[in-house]
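One letter stands for each residue in the lines below.
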Amino acid sequence: MKIKCLKCNEIIESKHRHNLVNCKCANCYIDGGQDYLHFGGKDFSKILIIFDDGTEVLASDEENYKRKYEEWENNKYRNFSNFPLNKKIE
């Protein structure tokens with residue numbers, strides 16, 4: 001998951017847990033990698049959340065953001081539960 005700052009047009013991504021990344025104009029930040037999404041900033045109407053499937057939602061659109069985030073979380077756990085536990089990792 002990534003976010004785009006609509007003030008400076010920079011797209012930023014947190015690569016792993018506890019990897020806090022700020023945009024170059026310091027309007028927004030993202031953290032969490034693929035483990036969780038933690039983002040924030042000065043103006044949520046200037047933050048675009050870009051989900052892994054390419055869906056884009058303004059951070060200020062709380063209803064759509066929450067619905068899409070819940071879908072992302074469910075897919076993450078669904079993919080994890082499909083991993084065979086008895087498979088040898090090479």
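Everything that follows concerns the structure shown earlier in this document.
Counting restarts for each chain, with residues numbered from 1 along the sequence as it is written. Confidence filtering applies because this is a predicted model: local features only for residues at pLDDT of at least 70, side-chain atom pairs given and counted only at 80 or more, and all residues used for totals across whole chains, interfaces and linings. Excluding hydrogens and water, the side-chain figures rest on all heavy atoms present in the structure.

Draft legend 1. Inspection of the nonpolar core at higher detail. The term nonpolar core refers to a set of buried residues drawn from Ala, Val, Leu, Ile, Met, Phe, Trp, Tyr and Cys, joined through side-chain atoms within 4.5 Å. Buried residues are those whose accessible area, probed at 1.4 Å on protein chains only, stays under 20% of the maximum for their type, while exposed residues exceed 50% and partly exposed ones sit between those limits. Counting 18 residues, the largest nonpolar core has Ile-3, Leu-37, Phe-39, Ile-49, Phe-51 and Tyr-65 as the members making the most contacts within it. Secondary structure counts use DSSP, requiring at least four H or I residues in a row for a helix and at least two E residues in a row for a strand, with both numbered from the N terminus. At the level of elements, strand S1 (2-5), strand S4 (28-31), strand S6 (47-50) and helix H1 (62-81) are the ones that each hand at least two residues to this core. Considering each element in turn, this core owes the most residues, three residues, to H1. Contacts are residue-level and defined by heavy atoms, with any inter-residue pair within 4.5 Å sufficient. Apart from residues no more than four positions distant in its own chain, Ile-49 is found in contact with Met-1, Lys-2, Ile-3, Leu-37, Phe-39, Thr-55, Glu-56, Val-57, Ala-59 and Tyr-65.

Draft legend 2. Focus on the sheet that holds S6. Taken together, the four strands give an open sheet; going across it, the order is S2-S1-S6-S7, and neighbouring strands pair in antiparallel fashion. The open sheet has two free edges, formed respectively by strand S2 (11-13) and strand S7 (56-58), since each of these has just one partner strand. With direction set aside, neighbouring strand axes in the sheet form an average angle of 30°. Sheet topology note: the S6/S7 ladder contains three bridges and is antiparallel. Bridge pairing links Leu-48 to Leu-58 in S7. The pairing criterion for strands is at least two bridges between them, as found by DSSP. Angles run from 0 to 180 degrees between N-to-C directions of axes, and those axes are lines fitted to C-alpha atoms, restricted for helices to the stretch in contact.

Draft legend 3. Spatial organisation of the sheet that holds strand S3 (residues 21-22). Ordered by their spatial adjacency, three strands build an open sheet running S3-S4-S5, and the pairing between neighbours is antiparallel. The open sheet is flanked by S3 and strand S5 (38-41), the only strands paired with a single partner. Pairing of S4 with S5, which is carried by four bridges, proceeds in the antiparallel orientation. Each residue of the ladder has a partner; that of Cys-28, found in S5, is Gly-41.

Draft legend 4. Seen up close, the environment of Gln-34. Tracing the backbone shows Gln-34 in the loop between S4 and S5. Along the chain, Gln-34 and Glu-13 lie 21 residues apart, while their C-alpha atoms are 9.9 Å from each other.

Draft legend 5. Geometry of the packing of aromatic side chains. Here a pair means two rings of Phe, Tyr or Trp (six-membered ring of Trp) with centres within 6.5 Å. Their orientation is stacked below 30 degrees between planes, edge-to-face above 60, and tilted elsewhere. Here the structure, examined in full by the defined rule, presents four aromatic pairs. Measuring from ring centre to ring centre gives 5.3 Å for Phe-39 and Tyr-65, while their planes differ by 90°; the resulting arrangement is edge-to-face. Here Phe-39, found in strand S5, pairs with Tyr-65, found in helix H1; they are 26 residues apart in sequence, far enough to count as distant. The exposure classification of Phe-39 matches that of Tyr-65, with both residues buried. Clustering of aromatic rings is evident, with ring pairs tying together Phe-39, Phe-44, Tyr-65, Tyr-69 and Trp-72. Sitting over the ring of Phe-51, Lys-68 keeps its end group 6.0 Å from the ring centre. Charge over a ring is defined by NZ of Lys or CZ of Arg lying within 6 Å of the ring centre and within 35 degrees of the ring normal.

Note that every value here comes from positions in space, so none of it alone points to a role or purpose.
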